[in-house]
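Listed here are the chains, written in short residue letters.
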Amino acid sequence: IPPCVSPRMNLVNLLHLLRGGGSLIAFVCAGPHLAERALREGRSIPAEAGFMGLVTLQDVLESVLQERIYDEEDVAQRNLASAILTNWAAEKIQKLVLKRRKLKRLGSGAGSHDASKVDGCHDLSSSPEKNCSGFDDFILNDRTPLLV
């Protein structure tokens, strides 16, 4: 059974309690003695105990060290966010390239449309100083690989 602690408990004391008690979590309650008695008797924590949440050994270590501890779940979440961002950027770039190619085709047949301009911007492959795509150091041309 995880220990029940007061929200005012000293972090060092909580660290010692978690290390010595064999539990990696503790229930935080306004009345920890009421909660512990109920748990010992096999009952749920009563409302009068004022359950506030739980604290993990990792939470305590991060607070004492003043440093974030990264575990496997954190890495997995970061990788997922990176994949989502990469896919979003690839879609945006792909749409831009397709739009540019379409405007070039329309411009080469009509003669009245300037194919070297896209939405008022100069051709990105020949004018890197005016890049209206939003990618300042990214120049698109027919040989630019798409990130898909």
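What you see is a predicted model, and the numbers here were worked out from it, not measured in a lab. (Residues numbered from 1 in each chain as written. Predicted model: local features only at pLDDT ≥ 70, side-chain atom pairs only at ≥ 80, totals over all residues. Heavy atoms only, no water.)

With respect to the overall build of the chain
Counting secondary structure elements, the chain contains 4 helices and 5 strands. Each helix (α) and strand (β) of the chain, taken in turn from the N terminus, gives the series β-α-β-α-β-α-α-β-β. Taking all 148 residues of the chain together, the buried fraction comes to 28%. Counting contacts in the chain only where the partners sit at least 6 residues apart, residues at least 24 apart contribute 43% of the total. (Helix = DSSP H or I, 4+ residues; strand = E, 2+ residues; numbered from the N terminus. Buried < 20%, exposed > 50% of the residue type's maximum accessible area, 1.4 Å probe, protein only. Contact = heavy atoms within 4.5 Å.)

Some thoughts on helix α3 (residues 57-65)
Residues spaced three or four apart along an α-helix face the same direction, because each turn holds 3.6 residues. Here α3 has its buried residues at Leu57, Val60 and Glu62. Contacts from the buried residues of α3 go to α1 (11-21) and β3 (51-56).

Topic: the sheet that holds strand β1 (residues 4-5)
As summarised here, the arrangement of the 3 strands in space is β1-β2-β3, forming an open sheet in which the pairing is mixed. A strand with exactly one partner marks an edge of an open sheet, and here the two such strands are β1 and β3. Examined bridge by bridge, β1 and strand β2 (residues 25-29) share 2 bridges and lie parallel to one another. Bridging from a neighbouring strand, Val5 pairs with Val28 of β2. Sheet strands touched by α1: β1, β2 and β3. Its angle to β2, the strand with the most contacts, is close to 135°. (Pairing = 2+ DSSP bridges. Axes fitted to C-alpha atoms, helices over the stretch in contact; angles between N-to-C directions.)

Observations regarding the nonpolar core
Listed in full, the 9 residues of the largest apolar core are Val5, Leu14, Leu15, Leu18, Ala26, Val28, Val55, Leu57 and Val60. Where this core is concerned, the elements lending two or more residues are α1, β2 and α3. In terms of residue count, the dominant contributor to this core is α1 (3 residues). Once you skip the residues sitting within four places of it in the chain, Val55 turns out to touch Leu14, Leu24, Ile25, Ala26, Val28 and Val60. (Core = buried A, V, L, I, M, F, W, Y, C linked by side-chain atoms within 4.5 Å.)

Side note on a nonpolar patch on the surface
The grouping of Leu11, Leu61, Val64 and Leu65 at the surface amounts to a nonpolar patch, some 310 Å² of accessible area in total. Sort the elements by how many residues they give to the nonpolar patch and α3 lands first, with 3 residues. Along the chain, Leu11 falls in helix α1. On the accessibility criterion, Leu11 (35% relative accessible area) is partly exposed. (Patch = residues over 30% accessible without salt bridge, like charges linked within 9 Å, V, L, I, M, F, W, Y side chains within 5 Å. Areas by Shrake-Rupley, 256 points an atom, 1.4 Å probe, with all protein chains shown as cover. Salt bridge = Lys/Arg side-chain N within 4 Å of Asp/Glu carboxyl O.)

Points about the packing of α1 against α3
For the pair α1 and α3, the least separation of the axes is 10 Å and the interaxial angle reads 145°. Seen along the crossing, α1 lies across α3 with a hand that is left-handed. Where α1 approaches α3, its residues Leu11, Leu14, Leu15 and Leu18 are matched on the opposing element by Leu57, Val60, Leu61, Ser63 and Val64. Considering only residue class, the contact of α1 with α3 consists of 8 nonpolar, 1 polar and no charged. (Left-handed = near helix turned anticlockwise from the far one by under 90°. Nonpolar A, V, L, I, M, F, W, Y, C, P; charged D, E, K, R; others polar.)

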